[in-house]
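Each chain, written out:
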Amino acid sequence: MIRSDARFELPRYIAHRGLSARAPENTLAAVQAAHDAGCTWVELDVQLLGDGTPVIWHDPGVKRCSDSRGKLSQLTAERANKLDVGGWFGAQYRGERMATLDAMLALIQRLGMGLNLELKVARGRHAAELVHASLPTVLARLSPSQLIVSSFNRHALTAAREVEPDPSRLRLGVLDDKAPKHWWRETERLDAYSLHLDWRKLKIKRAREIADEQIKLFCYTANDPVTFEKLWDWGVDGVISDDPTRFIDYEAAGERQVPAAQSA
Ligand code: G3P
Ligand code: MG
């Protein structure tokens, strides 16, 4: 289990799927928008196309966030690149293309941002295949201080830890909707850095237990800093939000005295 380590930045505000409140989720435009709005970290989902290309995408299909339909697992990179993945969100984003992991990493590197990469394993897809196709390039291109890899899928997390056994080189985040009773079994087994839980299901008792163990606790997906306020007192370390600027502005306005950003 990782304890406090000054080498790591602890992200307090993470833009969920990029700045998804203001730009089409999981696109280059959403990450650029997050950066332009003052966010330093983004959360993005990675999956594989049918031809094995890692892309930044949330759903198993393309219907909700593109001008087409069908399964991601049946797309090639060439066909995926013909989709319009911005027009559904707003006319100004028309022509936006599905981001490959490769292109997204280039943008993250250029902007100097932190990345919480979620390994998204859709039903029927292979967790280890996703990990082996995506993680080595991520590790080669981002520093440990700008990366947290998370997943709901335990096989994906296990495979990720096998790719990089050293927890100081790869921070893993265990995603769940709520922490199971024996939540530490998974974090210890995986030498995990953090738990990522649904803030609406979090109970104070569990949050304090986690804080006592110094496992970092991130909560998704919260968009109201007022409602969220009590969770900081429970020991929550960071929030994954569709619009972190609401939290940043709330803090800057002095509505809440949160501790200064700290190292993990
Ligand atoms: O990583 C937190 C959050 O992204 C998990 O849920 O469905 O938005 O990927 P989802
Ligand atoms: Mg996600």
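This report concerns the structure included in the present document. (Residues numbered from 1 in each chain as written. Chains lettered and ligands numbered in written order. Predicted model: local features only at pLDDT ≥ 70, side-chain atom pairs only at ≥ 80, totals over all residues. Heavy atoms only, no water.)

Here we come to the coordination of the magnesium ion (ligand 2). In this structure, Glu43 (OE), Asp45 (OD) and Glu118 (OE) serve as the protein donors to the magnesium ion (ligand 2), at separations of 2.0 to 2.2 Å. When the donors of the magnesium ion (ligand 2) are listed by position in the chain, the intervening gaps give E-x1-D-x72-E. Asp45 carries the same exposure label as Glu43, and that label is buried. (Donors = N, O, S within 2.8 Å, 3.2 Å for Na, K, Ca; no water. Buried < 20%, exposed > 50% of the residue type's maximum accessible area, 1.4 Å probe, protein only.)

Burial along strand S1 (residues 13–16) is two-sided: Tyr13 and Ala15 and Ile14 and His16, pointing in opposite directions, are all buried. By the bridge criterion, three bridges tie S1 to strand S2 (residues 41–48) in an arrangement that is parallel. Across the sheet, the residue bridging to His16 is Glu43, located in S2. Chirality of the crossover, the property in question, places the unit of S1, helix H1 (residues 28–36) and S2 among those that are right-handed. (Helix = DSSP H or I, 4+ residues; strand = E, 2+ residues; numbered from the N terminus. Pairing = 2+ DSSP bridges. Right-handed = clockwise from strand over helix to strand, strands pointing away.)

A few words on the packing of aromatic side chains. Under the defined criterion, the tally for this structure stands at nine aromatic pairs. Note on Trp88 and Phe89: the rings are 5.5 Å apart at their centroids and 85° apart in plane angle, and the pair reads as edge-to-face. Residue Trp88 is classed as partly exposed on the basis of its relative accessible area of 35%. Centroid distance Phe228 to Phe247: 5.7 Å. Interplanar angle 85°. Geometry classified as edge-to-face. Remark: Phe247 occurs in helix H9 (residues 244–252) and Phe228 occurs in helix H8 (residues 225–233); sequence separation between them is 19 residues. Here Phe228 matches Phe247 in class, with each residue buried. Directly above the aromatic system of Trp232 lies the positively charged group of Arg12, at a separation of 5.2 Å from the ring centroid. Above the face of the Tyr193 ring, Arg171 is positioned so that its terminal group lies 4.7 Å from the ring centre. (Phe/Tyr/Trp six-rings, centres within 6.5 Å; stacked < 30°, edge-to-face > 60°. Lys NZ or Arg CZ within 6 Å of the ring centre and 35° of its normal.)

Here strand S8 (residues 216–220) lies mainly inside the structure; five of its five residues are buried. Here S8 shows two buried faces, one formed by Lys216, Phe218 and Tyr220 and the other by Leu217 and Cys219. As for the winding sense of the linkage, the β-α-β connection from strand S7 (residues 194–198) through helix H7 (residues 204–212) to S8 is right-handed. When S8 meets strand S9 (residues 238–241), the two strands line up parallel, connected through two bridges. Residue pairing for S9: Cys219 is matched across the bridge by Val239. Taken together, S8, H8 and S9 form a β-α-β motif whose crossover is right-handed.

This paragraph deals with the environment of Ala133. Assignment of secondary structure puts Ala133 in helix H4 (residues 127–141). When its relative accessible area of 32% is taken as the criterion, Ala133 is described as partly exposed.

Attention shifts here to the nonpolar core. Within the largest apolar cluster, 62 residues are counted, with the highest numbers of intra-cluster contacts made by Val31, Val42, Leu44, Ile108, Leu115, Leu202 and Phe228. Among the elements that line this core, the one with the most residues is helix H3 (residues 101–111), at six residues. Residue contacts for Val31: discarding those within four places in its chain leaves Gly18, Val42, Leu44, Met104, Leu107, Ile108, Leu111 and Met113. Within the second largest apolar cluster, 11 residues are counted, among which are Leu49, Val55, Ala80 and Met98. (Core = buried A, V, L, I, M, F, W, Y, C linked by side-chain atoms within 4.5 Å. Contact = heavy atoms within 4.5 Å.)

Around ligand 1, a shell composed of His16, Arg17, Glu43, Asp45, His58, Glu118, Lys120, Phe152, Leu175 and Tyr220 is seen. The separation between an oxygen atom of ligand 1 and a polar side-chain atom of Glu43 is 2.7 Å. Calculation on ligand 1 without its partners gives an accessible area of 290 Å², and the protein chains cover 90% of this total. Residues of the shell around ligand 1, tallied by class, amount to three nonpolar, two polar and five charged. (Near = heavy atom within 4 Å. Polar contact = N/O pair within 3.5 Å; in protein donor to acceptor, adjacent residues only side chain to side chain. Areas by Shrake-Rupley, 256 points an atom, 1.4 Å probe, with all protein chains shown as cover. Nonpolar A, V, L, I, M, F, W, Y, C, P; charged D, E, K, R; others polar.)

So, about unusual backbone geometry. For Arg17, which is not glycine, the phi dihedral falls at a positive 60°. Not every positive phi belongs to a glycine, and Asp191 is a case in point at roughly 50°. For Asp191, the location among the structural elements is in the loop between helix H6 (183–189) and S7.

So, about H4. Because the α-helix completes a turn every 3.6 residues, residues three or four places apart line up on one side. Here H4 spans 21 Å end to end across 15 residues, near enough to the 21 Å set by a 1.5 Å rise per residue. The largest bend along H4 measures about 30° and falls at Ser134, with the proline Pro136 one to four residues further on. Turning to H4, its buried residues number three or more, namely Ala127, Leu130, Val131, Ser134, Leu135 and Val138. Tucked inside the fold, the buried residues of H4 contact S2, strand S3 (54–56), H3, strand S4 (114–119), strand S5 (147–151) and helix H5 (154–163). (Expected span 1.5 Å × (residues − 1). Bend = angle between axes of the 7 residues up to and from the residue.)

Nothing here speaks to function; it is all geometry.
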